[in-house]
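Breakdown of the fold
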4 protein chains.
Amino acid sequence: MVDGCPPRIPLSESDIQPFMDARRPGTSRFVTQRKEPDQVRILSGVFDGLTTGTPISLMIENTDQRSKDYSEIKDRYRPGHADYTYDAKYGHRDYRGGGRSSARETACRVAAGAVARKIIDGVTIRGAVISIGDQDIDRARWDWDTTSNNPFWCPDPVAAQRWEAYLDMIRKSGNSVGAIAEVHADGVPVGWGSPVYAKLDTEIAAGLMSINAVKGVEIGDGFKAGRSKGTDNADEMRLGPNGEIEFLANHSGGVLGGISNGNTITARLAIKPTSSMLTPTKSVNARGEEVDVVTKGRHDPCVGIRAVPVAEAMLACALADAFLMHRAQIGTPE
Amino acid sequence: MVDGCPPRIPLSESDIQPFMDARRPGTSRFVTQRKEPDQVRILSGVFDGLTTGTPISLMIENTDQRSKDYSEIKDRYRPGHADYTYDAKYGHRDYRGGGRSSARETACRVAAGAVARKIIDGVTIRGAVISIGDQDIDRARWDWDTTSNNPFWCPDPVAAQRWEAYLDMIRKSGNSVGAIAEVHADGVPVGWGSPVYAKLDTEIAAGLMSINAVKGVEIGDGFKAGRSKGTDNADEMRLGPNGEIEFLANHSGGVLGGISNGNTITARLAIKPTSSMLTPTKSVNARGEEVDVVTKGRHDPCVGIRAVPVAEAMLACALADAFLMHRAQIGTPE
Amino acid sequence: MVDGCPPRIPLSESDIQPFMDARRPGTSRFVTQRKEPDQVRILSGVFDGLTTGTPISLMIENTDQRSKDYSEIKDRYRPGHADYTYDAKYGHRDYRGGGRSSARETACRVAAGAVARKIIDGVTIRGAVISIGDQDIDRARWDWDTTSNNPFWCPDPVAAQRWEAYLDMIRKSGNSVGAIAEVHADGVPVGWGSPVYAKLDTEIAAGLMSINAVKGVEIGDGFKAGRSKGTDNADEMRLGPNGEIEFLANHSGGVLGGISNGNTITARLAIKPTSSMLTPTKSVNARGEEVDVVTKGRHDPCVGIRAVPVAEAMLACALADAFLMHRAQIGTPE
Amino acid sequence: MVDGCPPRIPLSESDIQPFMDARRPGTSRFVTQRKEPDQVRILSGVFDGLTTGTPISLMIENTDQRSKDYSEIKDRYRPGHADYTYDAKYGHRDYRGGGRSSARETACRVAAGAVARKIIDGVTIRGAVISIGDQDIDRARWDWDTTSNNPFWCPDPVAAQRWEAYLDMIRKSGNSVGAIAEVHADGVPVGWGSPVYAKLDTEIAAGLMSINAVKGVEIGDGFKAGRSKGTDNADEMRLGPNGEIEFLANHSGGVLGGISNGNTITARLAIKPTSSMLTPTKSVNARGEEVDVVTKGRHDPCVGIRAVPVAEAMLACALADAFLMHRAQIGTPE
């Protein structure tokens, strides 16, 4: 359910579906083999091809659930999963696929992100995986066009090839591996965001951290800034050919004091290895007995890959929110 | 203004002041030399020594402002500061000390955090600086008692000594430097937080990222998890002597699926070097001219030090919120 | 979408459907002749017959829409309807049945109200129509059991008979008529609500006023209190047989200072006559021409009748919210 | 604390003080004899005479509190007051003047309303008392200029004179009396508000109902609409001399489907007689004993009079909110 979308924006399922397809499982041997078409239907909020300004209800139905895959984990808590915390909190949980903690929940985020992109039409949002396990890209080879030519959203064609062999090894050993992704937004004007509450960087960080399995978030230089000197971190300013302000660097990731500065917004997120593995792990069950857990379901060896379209969506949502709030705060420039 | 504090909690200024004093400027040569007593007064919400359940209004008055220190930056944008983004957004800003973007704003956070600590009485919240610039602590020497025996909240007595010389060098060279801090919460029971919205880790990350100058946030292993294998990241479970669930590791930082798992909550934050330096930096002014900026005000060479009490406060606030929401969701256990 | 429902509450479609049936159109000649089964399906948030604590998604599909009935009003604004304001605000609207301003929207409210009732299990919520047009009930004959024995939710069997003839006359003359309804909640303990924000009476009033066509709301004596003396309005207190506080009257409608006082919560709402009539009314169209409008769709001659289950639902929702907030504020009594 | 005010709006204490003076106690023998200057100070959010876009902190200090007046009611619950409900909810309350349930709380509302008026600069907001007890005005004599020429905000000069004698009688008999007030907003353009959540009439009703002692709220014809026929309630439309839409009546009070229609917004509110009276009333005390209560403090015989500036303020706040939300939803018209 997407509320707050302005009226008269052209919107149809075909604006959303490509992003669903990007996140969709089953597209390569490096992601879960569930076959979900992830077909999105617009149930409300659009009339005659235009948004009406009222809530947009989007529905994506599951078609390939195999609940029996999960019967073994009905009573046993998978380490690193929410099984135990859900049970302890609620005294009751939908164990099939993890219920609400399933990565399928991110399909909704991607659909919402597609709507958010339409709201901030002039902004370009792109994402990439910059490392899988300890295998980094070489930023000198960064090429955005490459990201869609390999199954990893990898912007470095050389690394992409290396990752194939690496991930095959991980997968065959019944293990899983973490990843680090980076998302950019180009075209955000100066002024979006707020000084203390709803800071733009806070909202972006919150959106990214709320994605399943994300354990760290950076804006701009991030942790590197925490190890730098002031002289190395300064985003100095000069005037461009038409008298406009230009930044000589972008250590801040496009946000100063919670407000966009006109530079590219950059953020990174660390995604932990999925806890669902074929390797047995020590656990306990709901009856208070020690057990070993092997998860036989069809899982991603590196859930970080499919996190890219989700992270892009969260960035789009944070920016659309900031844009709409900016309109309330300041009005529309003439 | 602190709203939502339950009634009948003993509260007085003396519960808050020690935390204010911890954040207070002017306490050593490594922090800004402004002399602010940061005396907090409770204006409402407390009667006969107990909270009434109604909003608690806290006031901290500035006494050592020297607005003339800022006259030079009235029209020129300090690189890395919010001067330019505020002006561009609002067309008008309070330039004295950066107005709302001043680090003085964090005094309010610390006061609120002291109230939050009273709400979650059984939880212990502590923080430390784990690196200044490229100078790391040795975690093997970690001693919480040490943090209050040096001006850096440093848990490693050897590193603390080294940092004195290092920061003197930074300060004398007219430069500044970043830092990384870590905060822990012990005693959080299993069950606080929510599955998708208001996840506990999201709320903690948002609280930390909203602190001035913070550029990165991690929960548990954070970015290291993004470089790990599943077998290295698993927080396996076993039964303790009394049949209670015990985690054999805490890579997840005490949060699984957005909900606390009973382990120590751990988070880290990267604080960029303050942009206010004696070293000149290239900038522009409000009249569209290129200028060099030197900030003569009394600034912290490493603003990350004073971020520790603020980060503790934000962690306390996020936990108090989660606790109160948990009470709404589940009720109080008998 | 119902968010915030606590876990482990037994819930199935059969808990909701009876309330849907009460609001359902087509049940007598005094309400619209649309035939909608208003079958509710639970899509999420319930597992093994118990709520999981996660959002409950409810779906009610339209089956008897006849969009062609509305083709005549596509371009002409029905007086008293939202046609003109929607077009002026959004520049675009779904004209079929009024889109989001259709009274069908209240079906969702009734479904949500059924869930809310489960959350506040010990509270009894009932509603009645106390006047149609200028035809009042006699409160001396009030009998709750009567309300379900006539098509008007009328608690006075004599008035119910009179209303049949009266409404037949209204309907046959191509006119419509307003009504006043009253809702009660018994069993609300003392203490729900808040002093300034989220006052219980404010929340109830807001819930009732948000129902389509409602133009007035009263708590307790309401407007009569505005015409009374203090001595006539005092809800004096005495001790009951077991030392408990008893109120000798209930002018306040069960709320004092925004907080429930243990008495029956009482509220009234005025519902305007539906603006969709067979009688022609002067209007303009979207092309800026003067027109006469006759609405041929199947409309309620007295939309106030079907407002009763909706008003009950809004009262239930306001109380469930207050209960959950009270749990956060105070915890659960042992 | 007023958050969300746009930047660059001229604002000083002198914009707020006149409204404070209008609500101020001690201005005639018909209101409480407390002498409070109600001097407002702006602590933040304004710089060089213009709002900065950041929160505006306003402070009004009490100067004439006489806590000893209340010592008698420390342990006894005044009927019709929040004393009992506060104690029952919180187990602890500030009994002096009712604490947070004191009508002094409305001073803050008036100050906030003055800021709201600046945000919606072209809108004129006015209020009047239309009845005191059973003494109505004659609407045919309505004259807005009269309202400030008598101590009752009475728009009918004849009724104003009659009310003097009436209220003297009430006051001398140790009694109190209710009132009904009406507020208008002229100049609201078509389009403010929303279809289901945050309907304009809901927000206005909630604002008015949240004022102390208010028990009923109407928009437009209100309860009269509940007694009307459709043909009598229709706000028919015709074209004006310049082709603009004109409504031939305003039964709806300027709101259709939750959205303003360009007409005058009209609302009424019923204020109950103050429960603080010199006439003894039956009550109980905190020790569970039956007592008689006489309130000796300095109270308003008709608290409804001083409700007028408060109701105007709440209307201004609801409209400013709707305006800002409209800007977010639609943007600013060119």
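Not measured: the values here are computed from a predicted model.

1. Comments concerning the overall build of chain A
The helix and strand inventory of chain A stands at seven helices and 15 strands. In terms of its C-alpha atoms, chain A occupies a principal-axis envelope of roughly 70 × 50 × 40 Å. Taken across its 334 residues, chain A has 63% of its residues classed as buried. Once local pairs closer than 6 in sequence are excluded, the contacts in chain A between residues at least 24 apart make up 69%. Carbon together with sulfur atoms contributes 48% to the accessible area of chain A, which is approximately 12,200 Å² in total. Taken together, the 40 basic and 43 acidic charged side chains of chain A have centroids lying 6 Å from each other.

2. Some details on the relation of the copies chain A and chain B
The relation between the two copies of this chain is a rotation about an axis and a shift parallel to it. Once chain A is rotated about the relating axis by 180° and shifted along it by 0.0 Å, it coincides with chain B to within an RMSD of 0.0 Å. What the rotation and shift describe, once combined, is the action of a two-fold rotation axis.

3. A closer look at the UniProt feature "binding site: NADP(+)" (unreviewed entry) in chain A
Residues and elements named next belong to chain A. The UniProt record marks R23 and R29 with the feature "binding site: NADP(+)" (unreviewed entry), using the residue numbering of this structure. Residue placement: R23 occurs in helix α1 (residues 13-23). Under the relative-accessibility criterion, R23 is labelled buried at 1%. Setting aside residues up to four positions removed in sequence, R23 forms contacts with D38, A103, R104, T106, A107, V110, R306, P309 and V310. Within the fold, R29 resides in the loop between α1 and β1 (40-44). Owing to a relative accessible area of 40%, R29 belongs among the partly exposed residues under this scheme.

4. As for unusual backbone geometry
In this structure, R8(A) takes a positive phi of about 65° despite not being glycine. Relative to the helices and strands, R8(A) is located in the segment before α1. Phi at W153(B) is positive, roughly 50°, even though this residue is not glycine. For W153(B), the position within the fold is in the loop between β6 (135-136) and α4 (157-172).

5. Describing the packing of aromatic side chains
Geometry of an aromatic ring pair is reported as the spacing of the ring centres plus the angle between the planes. Residues and elements named next belong to chain B. What the rule picks out here adds up to 30 aromatic pairs over all chains. Arranged with centres 6.0 Å apart and planes meeting at 80°, the rings of Y86 and Y90 form a pair that is edge-to-face. Of this pair, Y86 and Y90 are both found in helix α2 (residues 83-90), four residues apart, which corresponds to roughly one turn of the helix. Assessed through its relative accessible area of 5%, Y86 is described here as buried.

6. Structural notes on the interface of chain A and chain B
In this assembly, 98 residues from chain A lie in contact with 97 residues from chain B. Overall, the association of chain A and chain B removes approximately 7,500 Å² of surface from exposure, summing both partners, and the carbon and sulfur fraction of that is 63%. Interface area lost by chain A to chain B is led by K89(A), K215(A) and F223(A), which between them contribute 11%. Scanning the region where chain A abuts chain B turns up six salt bridges. One salt bridge in this structure joins E290(A) and R238(B), with 3.5 Å as the shortest N-O distance. Where chain A touches chain B, the interface holds 45 residue pairs in polar contact (both at pLDDT 80 or more). Among the elements that make up the side of chain A that touches chain B, the one with the highest residue count is helix α2 (residues 83-90) of chain A (six residues). Its residues placed into classes, the side of chain A that touches chain B shows 43 nonpolar, 33 polar and 22 charged.

7. Observations regarding the pattern of salt bridges
Using the criterion set out here, one finds 92 salt bridges over all chains in the structure. Linking D292(D) and R238(C) is a salt bridge whose minimum nitrogen-to-oxygen distance equals 3.4 Å. Here the residue D292(D) occupies a position in strand β15 (residues 290-293), and R238(C) occupies one in strand β9 (residues 237-239), the pair thus bridging two chains. The network of salt bridges with shared partners includes R78(A), D83(A), D87(A) and R93(A).

8. A short note on α4(B)
Residue and element names in this part refer to chain B. Over its 16 residues, α4 extends 23 Å from the first C-alpha to the last, a length consistent with the 22 Å expected when each residue adds 1.5 Å. Of all the bends found along α4, the most pronounced is centred on W163 and spans about 25°. Within the span of α4, buried status applies to A159, A160, W163, Y166, L167, D168 and I170. Taken together, the buried residues of α4 touch β5 (124-132), β6 and α7 (303-330). A side-chain oxygen of the first residue of α4 lies 2.9 Å from the backbone nitrogen of V158; this N-cap is D156. Among the residues trailing α4, G174 stands out with phi positive, at a value near 70°.

9. Let's talk about the sheet that holds strand β8 (residues 214-219) of chain A
Through backbone hydrogen bonds, the strands of a sheet pair up, either in parallel or in antiparallel fashion. Taken in spatial order, the 10 strands of this open sheet run β6(A)-β5(A)-β7(A)-β13(A)-β8(A)-β8(B)-β13(B)-β7(B)-β5(B)-β6(B), and their pairing is antiparallel. Two strands bound the open sheet, and with one partner strand each, they are β6 (135-136) of chain A together with β6 of chain B. By the bridge criterion, two bridges tie strand β5 (residues 124-132) of chain A to β6(A) in an arrangement that is antiparallel. Bridge pairing links S131(A) to D136(A) in β6(A).

10. Some remarks on the interface of chain B and chain D
Interface extent is often summarised as the accessible area lost during association of the parts. Listed per partner, the contact involves 20 residues of chain B and 20 residues of chain D. Contact between chain B and chain D buries roughly 1,800 Å² in total, counting both sides, with carbon and sulfur atoms accounting for 71%. Joining chain B to chain D, the criterion identifies zero salt bridges. At the junction of chain B with chain D, the criterion picks out six residue pairs in polar contact (both at pLDDT 80 or more).

11. A few points about the relation of the copies chain B and chain D
Rotating chain B by 180° and moving it 0.1 Å along the rotation axis overlays it on chain D with an RMSD of 0.0 Å. Comparing interface residues between copies, 100% of those in chain B also sit at the interface in chain D, which points to an isologous, same-surface contact.

12. A look at the sheet that holds strand β5 (residues 124-132) of chain D
If you walk across this open sheet you meet the 10 strands as β6(C)-β5(C)-β7(C)-β13(C)-β8(C)-β8(D)-β13(D)-β7(D)-β5(D)-β6(D), and the pairing is antiparallel. Sheet topology places β6 (135-136) of chain C together with β6 (135-136) of chain D at the edges, where each strand pairs with a single neighbour. By the bridge criterion, seven bridges tie strand β7 (residues 179-186) of chain D to strand β13 (residues 265-271) of chain D in an arrangement that is antiparallel. Directly across from E182(D), in β13(D), lies its bridge partner R268(D). Across the sheet, helix α5 (residues 200-209) of chain C is in contact with β7 (179-186), β8 (214-219) and β13 (265-271) of chain C together with β8 (214-219) of chain D; its angle to β8(C) comes to roughly 155°. Helix α4 (residues 157-172) of chain D contacts β5 and β6 of chain D of the sheet and is inclined by roughly 55° relative to β5(D).

13. Considering the UniProt feature "binding site: FMN" (unreviewed entry) in chain A
All names here are of chain A. Taking the numbering used here, the UniProt-annotated feature "binding site: FMN" (unreviewed entry) corresponds to R100, S101, S102, N212, A213, G257, K272, P273, T274, S275, S276 and R298. Checked against the element boundaries, A213 lands in the loop between α5 (200-209) and β8. The partly exposed category is assigned to A213, whose relative accessible area is 23%. Those residues within four positions of A213 in sequence are excluded, and the remaining contacts are A270, I271, K272 and V303. Excluding anything up to four places from it in sequence, S275 contacts P79, G80 and H81. Engagement of the side chain of S275 in a polar contact is seen with the backbone oxygen of G80, the distance being 3.2 Å.

14. Examining the nonpolar core
Among the nonpolar cores identified, the biggest contains 157 residues, and I132(A) and I132(B) are the most heavily contacted of them. Apart from the residues within four sequence positions on either side, I132(B) is in contact with F152(B), W163(B), Y166(B), L167(B), V177(B), G178(B), A179(B), C302(B) and I305(B). Residues M209(C), C302(C), F30(D) and C154(D) belong to the second largest nonpolar core, which totals 153 residues.

15. A closer look at the pairing of strand β14 (residues 281-284) of chain D
Residues and elements named next belong to chain D. The pairing of β14 with β15 spans four bridges and is classified as antiparallel. Bridging from a neighbouring strand, K282 pairs with D292 of β15. Taking the residues that link successive antiparallel strands as the turn, the β14-β15 hairpin has five residues, and the phi of G288 there is positive, at about 75°.

16. What to know about helix α1 (residues 13-23) of chain B
Residues and elements named next belong to chain B. Taken residue by residue, α1 has I16, Q17, M20 and R23 as its buried positions. The buried side chains of α1 occupy one side of the element, clustering within an arc of 120° when seen end-on. Lining the buried residues of α1 we find β1 (40-44), β4 (57-60), α3 (106-119) and α7.

Calculation rules
- Residues numbered from 1 in each chain as written.
- Chains lettered and ligands numbered in written order.
- Predicted model: local features only at pLDDT ≥ 70, side-chain atom pairs only at ≥ 80, totals over all residues.
- Heavy atoms only, no water.
- Helix = DSSP H or I, 4+ residues; strand = E, 2+ residues; numbered from the N terminus.
- Buried < 20%, exposed > 50% of the residue type's maximum accessible area, 1.4 Å probe, protein only.
- Contact = heavy atoms within 4.5 Å.
- Areas by Shrake-Rupley, 256 points an atom, 1.4 Å probe, with all protein chains shown as cover.
- Lys, Arg positive; Asp, Glu negative; His and termini not counted.
- Charge placed at Lys NZ, Arg CZ, Asp CG, Glu CD.
- Least-squares fit on C-alpha atoms with pLDDT ≥ 70 in both.
- UniProt positions renumbered as here; feature names shortened; annotations may be inferred.
- Phe/Tyr/Trp six-rings, centres within 6.5 Å; stacked < 30°, edge-to-face > 60°.
- Buried area = accessible area lost by both parts, 1.4 Å probe.
- Salt bridge = Lys/Arg side-chain N within 4 Å of Asp/Glu carboxyl O.
- Polar contact = N/O pair within 3.5 Å; in protein donor to acceptor, adjacent residues only side chain to side chain.
- Nonpolar A, V, L, I, M, F, W, Y, C, P; charged D, E, K, R; others polar.
- Expected span 1.5 Å × (residues − 1).
- Bend = angle between axes of the 7 residues up to and from the residue.
- Pairing = 2+ DSSP bridges.
- Axes fitted to C-alpha atoms, helices over the stretch in contact; angles between N-to-C directions.
- Core = buried A, V, L, I, M, F, W, Y, C linked by side-chain atoms within 4.5 Å.
- Arc of directions from axis to C-beta.

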